[in-house]
Amino acid sequence: MAELVIVDRRGKEHRVAGRVGVSVMETLRELDYGVPAICGGMCSCATCHVWVDEAWIGRLPPRQGDEIEILRELSSFKPTSRLSCQVPFTESLSGLRVEIAPDE
Ligand code: FES
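To start, this report covers the structure provided alongside it. (Residues numbered from 1 in each chain as written. Predicted model: local features only at pLDDT ≥ 70, side-chain atom pairs only at ≥ 80, totals over all residues.)

All right, on to the sheet that holds strand β4 (residues 81-83) then. Taking strand neighbours across the sheet as the criterion, the five strands line up as β2-β1-β5-β3-β4 in an open arrangement whose pairing is mixed. Because the sheet does not close on itself, it has two edges, and the strands there are β2 (13-17) and β4. The sheet shows a mean angle of 35° between the axes of neighbouring strands, taken without regard to direction. Sheet topology places strand β1 (residues 3-7) next to strand β5 (residues 96-100); four bridges connect them, and they run parallel. Along β5, the bridge assignment pairs Val7 with Glu99. (Pairing = 2+ DSSP bridges. Helix = DSSP H or I, 4+ residues; strand = E, 2+ residues; numbered from the N terminus. Axes fitted to C-alpha atoms, helices over the stretch in contact; angles between N-to-C directions.)

The following block contains the structure:
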């Protein structure tokens, strides 16, 4: 089982089975404490914003143009920010730790 470690907006940590072969967002949006992902993964709403643990950020594929532009408009943007719909989840990412960013 590939596991995702998720820190919710209250700071509580959860360990869940991550859906492999789809984006991290697909797992997060099924959780009560997850993300709404309003655009459904089209990289246009930013409601799937997460902060990736620094230990993991370098193991993810780099951000692409649209993702960078959208993230930079957020007041909660950090160097570790990602749109979770743009991060494919794989077995090799088991243990990936992300924190749900504030709603904007
Ligand atoms: S779900 Fe809308 S940008 Fe990721």
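Our focus in this paragraph is the nonpolar core. Residues Val24, Met25, Leu28, Val35, Cys48, Val50 and Val98 are the most contacted members of the largest nonpolar core, which totals 20 residues. Those elements that place two or more of their residues in this core are β1, α1 (24-28), β3 (49-52) and β5. (Core = buried A, V, L, I, M, F, W, Y, C linked by C-beta atoms within 7 Å. Buried ≥ 20, exposed ≤ 12 C-beta atoms within 10 Å, placed from the backbone.)

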